[in-house]
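# Residue-level structural notes
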Amino acid sequence: MSRATTRHDPAGAAAGAPTGPLAPTPAQTIGPFYGYALPFPGGERIAPAGCPGTVTLHGCVWDGEGAPVPDALLEFWQAGPDGGRTGAPGSLRRDPATGAVLGRNGVDFTGFGRVPTDADGRYAVHTRPATAPVGHPDAAPYLAVCVFARGLLHHLFTRVYFPEHPADRPNDPLLARLPAARADTLLARPDGPGRYRFDIRLQRSADGAHEETVFLAYR
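Bear in mind the structure is a predicted one, so any value in this text is a computation, not a measurement. Position numbers for residues start from 1 in each chain and track the written sequence from start to end. Where totals are concerned, whole chains, interfaces and linings use all residues; where local detail is concerned, this predicted model gives features only for residues with pLDDT of at least 70, and gives and counts side-chain atom pairs only at 80 or more. Computation of side-chain values covers all heavy atoms of the structure but excludes hydrogens and water.

The next thing to look at is the overall build of the protein. Per the secondary structure count, the protein includes 2 helices and 11 strands. Numbered from the N terminus, helices here are DSSP runs of H or I no shorter than four residues, and strands are runs of E no shorter than two. Across the protein, helices and strands are ordered from the amino to the carboxyl terminus as α-β-β-β-β-β-β-β-β-α-β-β-β. Of all 219 residues assigned to the protein, the portion counted as buried reaches 36%. Considering only contacts within the protein whose residues lie at least 6 apart along the sequence, 67% involve residues at least 24 apart. Accessible surface for the protein amounts to roughly 13200 Å². Of this, 56% is attributable to carbon and sulfur atoms. Relative accessibility thresholds used throughout: buried, under 20% of the residue-type maximum; exposed, over 50%; partly exposed, between the two (1.4 Å probe, protein chains only). The contact definition used throughout considers only heavy atoms, calling two residues in contact when any of these lie within 4.5 Å. Residue exposure ignores everything except the shown protein chains as possible cover, and the areas themselves are Shrake-Rupley values with a 1.4 Å probe.

Detailed reading of the predicted coordinates is not advisable wherever pLDDT is low. Here the protein shows a mean pLDDT of 85. Residues at 70 or above account for 87%. Looking at any residue, its pLDDT shows the predictor's confidence there, from 0 to 100. Within the protein, no element has a lower average pLDDT than helix 1 (residues 34-37), which sits at 68, and none a higher one than strand 10 (residues 195-197), at 98. Segment residues 1-13: pLDDT under 50, and 6 contacts once partners within four positions in sequence are set aside and those in other chains are kept.

With that settled, the discussion passes to the sheet that holds strand 7 (residues 142-148). Here we have 4 strands laid out as an open sheet, ordered 5-2-7-8, and antiparallel in their pairing. Lying at the two open borders of the sheet, with one neighbouring strand each, are strand 5 (112-116) and strand 8 (156-161). Here the strands of the sheet are splayed against their neighbours by 25° on average, with no regard to which way each runs. Here, strands pair whenever DSSP counts at least two bridges between them. By the bridge criterion, 5 bridges tie strand 2 (residues 73-77) to strand 7 in an arrangement that is antiparallel. Across the sheet, residue E75 finds its bridge partner in strand 7, namely C146. Note on geometry: axes are C-alpha line fits, over the in-contact stretch for helices, and angles between N-to-C directions span 0 to 180 degrees.

Bringing the environment of R189 into the picture now. For R189, the position within the fold is in strand 9 (residues 189-190). A polar atom in the side chain of R189 sits 2.6 Å from the side chain of D184. In protein, a polar contact means a hydrogen-donor-capable atom and an acceptor-capable atom, both N or O and within 3.5 Å, with residues adjacent in sequence counting only if both atoms are side-chain atoms; elsewhere, any N or O pair within 3.5 Å suffices.

There is about 410 Å³ of room inside the largest pocket. Residue composition of the lining of the largest pocket, grouped by class: 11 nonpolar, 1 polar and 6 charged. Both cavities and pockets are sets of points on a 1 Å grid over the protein atoms alone; in a cavity a 1.4 Å probe fits but cannot get out, in a pocket the set is open with protein on both sides within 12 Å along at least five of seven lines, and lining residues sit with an atom within 4 Å of a point. Grid points are joined across faces, edges and corners, and a volume is the space filled by probe spheres set on the points. In this classification, Asp, Glu, Lys and Arg are treated as charged, Ala, Val, Leu, Ile, Met, Phe, Trp, Tyr, Cys and Pro as nonpolar, and every other residue, Gly included, as polar.

Attention now moves to the pairing of strand 4 (residues 101-104). Taken together, the 3 bridges between strand 3 (residues 92-94) and strand 4 define a ladder with antiparallel strand orientation. When the sheet's bridge partners are listed, R93 is paired in strand 4 with G103. Connecting the antiparallel pair strand 3 and strand 4 is a turn made up of 6 residues, with G99 showing a positive phi of about 80°.

Among the secondary structure elements, S91 is positioned in the loop between strand 2 and strand 3. Exposure remark for S91: the relative accessible area of 4% places this residue in the buried category. Those residues in contact with S91 that sit more than four places away from it in its chain are G103, R104, N105, D108 and T110.

Relative to the elements of secondary structure, R104 occurs in strand 4. The charged side chain of R104 is buried without a salt bridge, its nearest counter-charge being E44 at 6.8 Å. Engagement of the side chain of R104 in a polar contact is seen with the side chain of T110, the distance being 3.0 Å. Residues contacting R104, with those up to four places away along its chain left out, are F40, P41, G42, G43, R45, I46, S91, L92, R93, T110, F112 and G113. In summary, the charge assignment counts Lys and Arg as positive and Asp and Glu as negative, without counting His or the chain termini. Basic side-chain nitrogens of Lys or Arg form a salt bridge, by our definition, when they fall within 4 Å of a carboxyl oxygen of Asp or Glu.

A general trend in soluble globular proteins is that nonpolar side chains are found buried together. Each nonpolar core is a collection of buried residues, namely Ala, Val, Leu, Ile, Met, Phe, Trp, Tyr and Cys, held together in the definition by side-chain atoms within 4.5 Å. Ranked by size, the top nonpolar core spans 27 residues in total, and within it L57, L74, F76, V160, F162, I200 and L202 carry the most contacts. Elements supplying a minimum of two residues to this core: strand 1 (55-62), strand 2, strand 6 (122-127), strand 7 and strand 8. Beyond its immediate chain neighbours, meaning those up to four positions away, F162 contacts L57, A130, P141, L143, R169, L187, A188 and Y196.

Let us look at the packing of aromatic side chains. Ring pairs shown here join Phe, Tyr and Trp side chains whose ring centres sit within 6.5 Å, with only the six-membered ring taken for Trp; geometry is labelled stacked below 30 degrees between planes, edge-to-face above 60, and tilted in between. All told, the structure shown has 5 aromatic pairs when counted by the stated rule. Residues W77 and F112 carry aromatic rings whose centres are separated by 5.7 Å and whose planes lie at 50° to one another, so their mutual orientation is tilted. Here F112 lies in strand 5 and W77 lies in strand 2, a separation of 35 residues in the sequence. Its relative accessible area of 36% is what places W77 among the partly exposed residues. For a Lys NZ or an Arg CZ to count as sitting over a ring, it must be within 6 Å of the ring centre and within 35 degrees of the ring normal. For R128, the ring lying beneath its charged end belongs to F109, and the centroid distance is 6.0 Å. Residue placement shows R159 over the ring face of Y142; its charged tip is 4.0 Å from the ring centre.

Structural data, given as structure tokens:
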């Protein structure tokens, strides 16, 4: 049986290979791996189904070129109706045999949600109206958001404020420090009864029509 062989030069390059500088290759980024194991059933239901006063927050994640990001993952945290931030640990149910997450218990308000964006870069969560955290009397009610997306070596933090609290916003420690155009990127828009839209822009648009969403650094 004959076997094909490749003749190599002393430097280890295959015969006939081009000589000279090599062309640059594309840069490598991390992910996306977020949609594999992190989402769980019912992750979008921060408040149980049928909870009185539940609202829907939805929107799209956009990149700097104005294209939707279809593989992002968003996490939401919020204070409870009493301003507490303890949530309801243990509300997730697991399969006793496999350990797989089956979903929430459908009863407790957890204050936490995790949802991936779909093929069009869109997301939606269902929750109670926002409240200000206890111990922060000057804060306007908000939802805290963490953004994971392709090309991001570090996740990003931002907030969602709501239009029902105009008197609280001028005194909010974060909003009061921002120019009006920047603070506007943190405000959800009414989009029907019990619905709000909040888009997240990872960069300022090239034409300057849309500001980058304000992202926070914690020290």
